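# Structural overview
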Amino acid sequence: LDKADANVVSRLTGEAKFLRALMYFNLVRCFGGVPIVDHVPVPSSAADTEMTLTRKSKEDVYKFIEKDLLAAIEVLPEKSGYAISDLGRATKGAAHALLAKVYLYQGNWKGVKDQCVAVTGYNLVPDYATIWREVGADSVESIFEIRGYGGNPSQGIEGYMVSQGARGTSGWGWGFNTPTASLSNSYEARDVRKDATIIFAGETMWDGRVVSALVANPRYNEKAYVSNTMETFNGDWETTKNIRVLRYAEVLLMQAEAANESGSGDVTGPLNRVRNRAGLINTTATGQVELRAAIRAERRHELAFEHDRWFDIVRTGQAKSVMAADGKTFVEGKHELFPIPQKFITQANGKAVQNPGYN
């Protein structure tokens, strides 16, 4: 290999480690400890079979994720270091932001603060509503997105828009993942995020589309919406809709939470930047307990429908009360984790056991 080739291999290895870390982060949040597969297994190898079937501890999985991200940070370029043709690849900033989130879930507040400070070159976009539109892809706020391409042939995020679209009369989708009345009613007055997040039956949307008052549900997820008149739309269910995975606004909220929980650092500065962009005045909360509630409310409103709410209420111990408020049951000691698929438990033959409460 010449030096140029070696640099490419190093960068690609860093990108792969970032993606592996992201996948394992989702796995550990869903299932707790899982097998750690750190190389391509050889089917004839008994040791490799053991590796793929043996559940490691949650702590071991987090250490594995951290090791991958620290290695990725060493070799990945910043977002500005990529050519336009490489837009969307994992970056140093993405690795720092994900590592901050990994530390957040473990209550490592110093780690969160250190990693957030290292996320540089990003900012909040002025208009919150544009973040999820086609024009908002790869914005100055975007740290990492899952790519979608809805051309011909389609290579989009299959069904993402259609499955969450308004259902019924004059609708355009299946009506999954609908906003609750609780979420709708929880926004402060003048919070621009409410209308940018929720499609209301009977409203006229930003592209002029009139949502029938007769659709099946009063509310739908606007962050999944794709305009069939003002955005790339191939007339099918795959579209040019990138899924936003990491945004700079979340980095600010992680900074605020880590400062508040550790009792050290600027809490209200980053929190108010997020609030002000949403059209709200600075927080009036004071003291650790009030600020904790304020930060949790901001995460709920800023990150609604960005695939973190469930994990947020579990990690902060709110799940039982939040679910009860919506008429649902959360069994503590069980529902923090999903059940391990029975097919895997059977195949593991004693090397892995089911999560508590699912036997």
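Summary of the structure given here. (Residues numbered from 1 in each chain as written. Predicted model: local features only at pLDDT ≥ 70, side-chain atom pairs only at ≥ 80, totals over all residues. Heavy atoms only, no water.)

## Concerning the pattern of salt bridges
Pairing is possible between side chains that carry opposite charge, provided their charged atoms lie close to one another. Heads up, the condition is: In what follows, salt bridge is the name for a side-chain nitrogen of Lys or Arg lying within 4 Å of a carboxyl oxygen of Asp or Glu. To qualify as a helix, a DSSP run of H or I must reach at least 4 residues; to qualify as a strand, a run of E must reach at least 2; elements of each kind are numbered from the N terminus. Burial here depends on accessible area, computed with a 1.4 Å probe over protein chains only, as a share of the maximum for the residue type. Under 20% is buried, over 50% is exposed, and the range in between is partly exposed.
For the coordinates displayed, the defined rule picks out 27 salt bridges. The shortest N-O distance in the salt bridge between Asp114 and Lys110 comes to 2.6 Å. A residue pair is termed a helical-turn pair when its members lie 3 or 4 positions apart in one helix, as Asp114 and Lys110 do in helix α5 (residues 109-117) at 4 residues. By relative accessible area, Lys110 is classed as exposed at 58%. We note a salt bridge from Arg193 to Asp191, for which the minimum N-O separation is 2.9 Å. Each member of the salt-bridge network shares a partner with another, and the members are Glu141, Glu188, Asp191, Arg193, Lys223, Arg247, Arg275, Arg277, Glu298, Glu302 and Glu306.

## As for the pairing of strand β4 (residues 243-247)
Stated formally: For two strands to count as paired, DSSP must find a minimum of two bridges between them.
Of all 5 residues in β4, 4 are buried, a share of seventy percent or more. Across 4 bridges, the pairing between strand β1 (residues 142-146) and β4 is antiparallel. Paired with Glu145 across the strands is Arg244, a residue of β4.

## Examining the nonpolar core
We apply this condition: The term nonpolar core refers to a set of buried residues drawn from Ala, Val, Leu, Ile, Met, Phe, Trp, Tyr and Cys, joined through side-chain atoms within 4.5 Å. Note on contacts: a residue pair is in contact if any heavy atoms of the two residues lie within 4.5 Å.
Counting 61 residues, the largest nonpolar core has Phe18, Ile65, Leu69, Leu98 and Ile143 as its most contacted members. Dropping the residues within four chain positions of it, Leu69 is found in contact with Phe18, Ala21, Ala95, Leu98, Leu99 and Val102. Met161, Trp172, Val215 and Val226 belong to the second-largest nonpolar core, a separate cluster that totals 11 residues.

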